[in-house]
Amino acid sequence: QVMADISQLLGEDGGHYLHDNRILTDNALLHQQHWSERLGAYADYGNHTHNTALEWVRPRAAPGQDPRSLPPPQLIRVVRKPPRLQYVGALGYVSFFPFFLQVLNPSSPHLGRLLDHIRDSDKVWTPYGIRSLSKSSSLYLQRNTEHDAPYWRGPVWINMNYLAVRALYLYSHMEGPHRDRLASLYRELRQNLLANLYRQYKDT
């Protein structure tokens, strides 16, 4: 939509952007392709496996080789079960994108379940903001590789929380069955974020 608006301002044809926007905001298509009933939320879909691990690999010395000349052990990501087409099935920011980006209809039957997840402190809710990944996920705070810290596997990101607060505020002003709950969550999350930002400001 933004690209279509820019095209219009420039006097260019933005029809292909409008076409893509209609597809990407089609709630029926969104539910069909990305709603995971098992997760109770939206999910990425593609070649994926849950069965991976980080394992230490220690090089072995060849006959007559000085073991001290070997490189140090390395943590290697091992795939124990080949990927297959499926939902990723990890509850986190990506699960809420249709809501955060205001694509979801305020009367969607799925909105209530998303709000349940957002407010669940065993999942993504914290006194500091919404976590990037559910605390109940097996990937929570787990590294992807030895040198790839779990930045998106638990920590709170202010840019995503801004999208969450904005969405809660805007949806609370739309007609729908969850207006009061949305307004309450907006106030609570906003307060948590402001208090956290103020603490971080004073500390640093």
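Conventions adopted
Residues numbered from 1 in each chain as written. Predicted model: local features only at pLDDT ≥ 70, side-chain atom pairs only at ≥ 80, totals over all residues. Heavy atoms only, no water. UniProt positions renumbered as here; feature names shortened; annotations may be inferred. Domains from an automatic or database assignment. Contact = heavy atoms within 4.5 Å. Buried area = accessible area lost by both parts, 1.4 Å probe. Salt bridge = Lys/Arg side-chain N within 4 Å of Asp/Glu carboxyl O. Polar contact = N/O pair within 3.5 Å; in protein donor to acceptor, adjacent residues only side chain to side chain.

An unreviewed UniProt entry annotates the protein as mannosyl-oligosaccharide glucosidase originating from Xenopus laevis. You can read under Subcellular location (unreviewed entry) in the UniProt record for the protein the words "Endoplasmic reticulum membrane". Quoted verbatim from the Sequence similarities (unreviewed entry) heading of the UniProt record, the comment on the protein is "Belongs to the glycosyl hydrolase 63 family."

Asker: If you had to explain the domain arrangement of the protein to someone new, which residues and values would you point to?
Answerer: Domains assigned within the protein are domain 1 (52-86) and domain 2 (89-203). Once you take the C-alpha centre of each, domain 1 and domain 2 turn out to be 37 Å apart. On the side of domain 2, 4 residues touch domain 1, which itself brings 5 residues to the contact. Carbon and sulfur atoms make up 55% of the area that domain 1 and domain 2 hide from each other, which totals about 380 Å². When residues of domain 1 are sorted by the area they lose upon contact with domain 2, Leu54, Leu75 and Arg77 head the list and together hold 83% of the total. Inspection of the domain 1/domain 2 interface yields 0 salt bridges. For the pair domain 1 and domain 2, the number of links is 2 residue pairs in polar contact (both at pLDDT 80 or more).

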